[in-house]
Amino acid sequence: MADITKISAYIYTADVANADTDATVYLCIGGREFNLDTDSDDFEVGAQYTYVLGEGANVKNAAYNDPRKPQLDTDDLDRYPVYIRFVSAGTDPAWYLERAIVTVNPDSATPHRFDNPRMVGTGENHRIWLWKEGGEKLYLKRYDG
């Protein structure tokens, strides 16, 4: 049991035509949702970016997207599902996600990592289109390795 002080979410948008989006993406972890957004053009074709919540935050509205307010605990990680949630919107309502890896307390001696093993590798069977016509969530599971 330890306080969650930092969460990093590595998000990779597929490097294919029309993979990008301007819609909203959330990370759901520890019983909360966090908005993954920065001041740059997020989720562009081929974009690989690590969003940081909490200590050293690089997201917009960092104070509202802070796992220390209220303080989350690593015990919460196994009580609630961990997933990426996409909200379809705008003229390009789909997003082609290549990979999502979430690490809790990445600088600690015991980081907690979440991934989706079906996304490991390259190629079309290792990516997922997220949108209202096919599903807007990708669940992640604890991954030690």
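These notes cover the structure that comes with them. (Residues numbered from 1 in each chain as written. Predicted model: local features only at pLDDT ≥ 70, side-chain atom pairs only at ≥ 80, totals over all residues. Heavy atoms only, no water.)

### A look at the overall build of the protein
Here's step 1: Summing up its helical and strand segments, the protein has zero helices and nine strands in all.
Here's step 2: Along its sequence from the N terminus, the protein presents helices and strands in the succession β-β-β-β-β-β-β-β-β.
Here's step 3: Each of the three principal axes of the protein carries a C-alpha extent, and together these read 40 × 30 × 25 Å.
Here's step 4: Within the protein, contacts between residues at least 6 apart in sequence are counted, and of these 70% link residues at least 24 apart.
Here's step 5: A total accessible area of about 7,600 Å² is found for the protein, and carbon and sulfur atoms account for 45% of it. (Helix = DSSP H or I, 4+ residues; strand = E, 2+ residues; numbered from the N terminus. Contact = heavy atoms within 4.5 Å. Areas by Shrake-Rupley, 256 points an atom, 1.4 Å probe, with all protein chains shown as cover.)

### A short note on the nonpolar core
Here's step 1: The biggest cluster of nonpolar side chains holds 29 residues, and the ones touching the most others in it are Ile 7, Ile 11, Leu 27, Ile 29, Leu 36 and Trp 95.
Here's step 2: Mapped onto this core, the elements with two or more residues apiece are strand 1 (6-13), strand 2 (24-29), strand 4 (48-54), strand 5 (82-87), strand 6 (95-104) and strand 9 (137-142).
Here's step 3: Among the elements that take part in this core, strand 6 stands out by supplying five residues, more than any other.
Here's step 4: Those residues in contact with Ile 11 that lie beyond four places of it in its chain are Leu 36, Phe 43, Ala 47, Gln 48, Tyr 49, Tyr 51, Ile 84, Trp 95, Leu 97, Arg 99 and Ala 100. (Core = buried A, V, L, I, M, F, W, Y, C linked by side-chain atoms within 4.5 Å. Buried < 20%, exposed > 50% of the residue type's maximum accessible area, 1.4 Å probe, protein only.)

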